[in-house]
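Understanding the architecture of this molecule
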Amino acid sequence: MRTKIVAGNWKMNLDVNESKKLAQDISKELQDIKTQNTRIIIAPTFTNLYPVFHQDGLDNRIELAAQNMHQAENGAYTGEISAAMLQSIGINTVLLGHSERRSYFNETDTSLAEKVSTALRHKMNIIFCFGEVLEDRQNNTHFKVVEHQIQKALFHLCEIDWAQIVLAYEPVWAIGTGETATPEQAQEMHAFIRTVIASKYGDKIAQGVSILYGGSVKPANAKAIFSKPDVDGGLIGGAALKAGDFIDLVQAIQ
């Protein structure tokens, strides 16, 4: 059975005290909720990872992830964070390839392949993001774009590496816009993603990898999206910044 996952990407929001409070609020609301085969992940900004992770009273079901990392081990990369730095404060999961990193910071499939390799070398878990822009979907090239992103960034992996990979399909046109892929569109793409992986690594790995949907997921639409057979949870943006909404999403996947 594939692991279900609800991951909250807090992006560049909340100071340290606000981050600690949100994590505590989520912890409190989790107390009365039974979770089965579900990972709960939050990704505060770099400066808040350590204080959030090491505060007292955090529910032990909550995992922390970094929003990014550099592919180099160390060196003259001002403003960047390495895998070893993250691990030194107890962080072993990282988001890579988010569309905002691709768009605003010119990350490419080639540089992301390097980041993936570095993270795997450090035995980190990866949530790898990808997805098409609106023009791709309008031109009916969205399948080709997604296939290319996966192949260029991940097809250098060994079969064993996939145990540390979670995929997150995020149609760029649905991130922060209020627009959301229909449950049927999400299912169609997730099923296609499995065929792409199966073409290289076989059906066992394709059926074993968790694939999340990201793009304006809210309590109102989560259950319909999460109920699709190839959707294994969500990478959540705005709704992850409110404890009640985030908990509603956790409950929607049970």
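Predicted, not measured: the structure shown is a model, and the values here were computed from it. (Residues numbered from 1 in each chain as written. Predicted model: local features only at pLDDT ≥ 70, side-chain atom pairs only at ≥ 80, totals over all residues. Heavy atoms only, no water.)

This brings us to the overall build of the protein chain. Each helix and strand counted, the protein chain has eleven helices and eight strands in total. Whereas a compact globule of 254 residues would reach a radius of gyration of roughly 18 Å, the protein chain reaches 17 Å, a difference of no more than 12%. Taken over the C-alpha atoms alone, the protein chain extends approximately 45 × 45 × 35 Å along its principal axes. The buried share of the protein chain, taken over its 254 residues, is 53%. (Helix = DSSP H or I, 4+ residues; strand = E, 2+ residues; numbered from the N terminus. Rg over C-alpha atoms; globule rule 2.2 N^0.38 Å. Buried < 20%, exposed > 50% of the residue type's maximum accessible area, 1.4 Å probe, protein only.)

Every buried residue of helix 11 (residues 243–252) is listed here: Ala243, Phe246, Ile247, Leu249, Val250 and Ala252. For helix 11, the secondary structure elements touched by its buried residues are strand 1 (4–9), helix 1 (16–30), strand 2 (38–43), helix 10 (219–226) and strand 8 (233–236). (Contact = heavy atoms within 4.5 Å.)

Ile26, Phe128, Trp162, Leu167 and Ile193 are the most contacted members of the largest nonpolar core, which has 70 residues in total. The leading source of residues in this core is helix 8 (residues 183–201), at seven residues. Setting aside residues no more than four positions away along its own chain, Leu167 makes contact with Phe128, Phe130, Leu154, Trp162, Ile193, Ile197, Val209, Ser210, Ile211 and Leu212. Residues Ile5, Ala43, Ala65 and Val166 belong to the second largest nonpolar core, which totals twelve residues. (Core = buried A, V, L, I, M, F, W, Y, C linked by side-chain atoms within 4.5 Å.)

This part covers the pairing of strand 4 (residues 93–96). Alternating residues of strand 4 divide into Thr93 and Leu95 and Val94 and Leu96, and every residue in both groups is buried. By the bridge criterion, four bridges tie strand 4 to strand 5 (residues 125–130) in an arrangement that is parallel. Residue pairing across strands places Thr93 opposite Asn125, the latter belonging to strand 5. (Pairing = 2+ DSSP bridges.)

Attention now moves to the packing of aromatic side chains. What the rule picks out here adds up to seven aromatic pairs. Residues Tyr169 and Tyr213 carry aromatic rings whose centres are separated by 6.2 Å and whose planes lie at 55 degrees to one another, so their mutual orientation is tilted. With Tyr169 in strand 6 (residues 165–169) and Tyr213 in strand 7 (residues 211–213), this residue pair connects regions lying 44 residues apart in the sequence. Take Tyr169: its relative accessible area is 0%, and that puts it in the buried class. Residue class for Tyr213 comes out buried when judged on its relative accessible area of 0%. Taken together, the aromatic side chains of Phe128, Phe130, Tyr169 and Tyr213 make up a single cluster linked through ring pairs. (Phe/Tyr/Trp six-rings, centres within 6.5 Å; stacked < 30°, edge-to-face > 60°.)

Looking now at the environment of Ile81. Note that Ile81 resides in the loop between strand 3 (62–64) and helix 3 (83–88). A relative accessible area of 22% means that Ile81 is categorised as partly exposed. Sequence separation between Ile81 and Glu114 is 33 residues, and the spatial gap between their C-alpha atoms is 14 Å. Beyond its immediate stretch of four places on either side in the chain, Ile81 contacts Phe46, Met69, His70 and Leu86.

Another aspect to go through is unusual backbone geometry. Not every positive phi belongs to a glycine, and Leu14 is a case in point at roughly 75 degrees. If you trace the backbone, Leu14 turns up in the loop between strand 1 and helix 1. Not every positive phi belongs to a glycine, and Asn37 is a case in point at roughly 55 degrees. Within the secondary structure layout, Asn37 lies in the loop between helix 1 and strand 2.

Size it by volume and the largest pocket reaches roughly 450 Å³. Lining the largest pocket are 16 residues, with Lys11, Met12, Gln67, Arg101 and Phe105 positioned closest to its centre. A total of three residues in the lining of the largest pocket trace back to one element, the largest contributor, which is helix 4 (residues 99–104). For the lining of the largest pocket, a count of residues per class yields six nonpolar, six polar and four charged. (1 Å grid on protein atoms, 1.4 Å probe; cavity = no way out; pocket = protein on both sides within 12 Å on 5 of 7 lines; lining within 4 Å. Points joined across faces, edges and corners; volume = space filled by probe spheres on them. Nonpolar A, V, L, I, M, F, W, Y, C, P; charged D, E, K, R; others polar.)

A few words on the pattern of salt bridges. Considering all chains together, one arrives at 14 salt bridges under this definition. Its salt-bridge partner being Glu100, residue Lys11 comes within 2.8 Å of it at the nearest N-O pair. Taken as a pair, Lys11 in the loop between strand 1 and helix 1 and Glu100 in helix 4 lie far apart in primary sequence, 89 residues in all. With a relative accessible area of 24%, Glu100 lands in the partly exposed category. One salt bridge connects Lys228 with Glu184, and the closest N-O pair in it is separated by 3.6 Å. With a gap of 44 residues between them, Lys228 in the loop between helix 10 and strand 8 and Glu184 in helix 8 connect regions that are remote in the sequence. Connected via shared salt-bridge partners are Arg2, Lys4, Arg194, Asp230 and Asp232. (Salt bridge = Lys/Arg side-chain N within 4 Å of Asp/Glu carboxyl O.)

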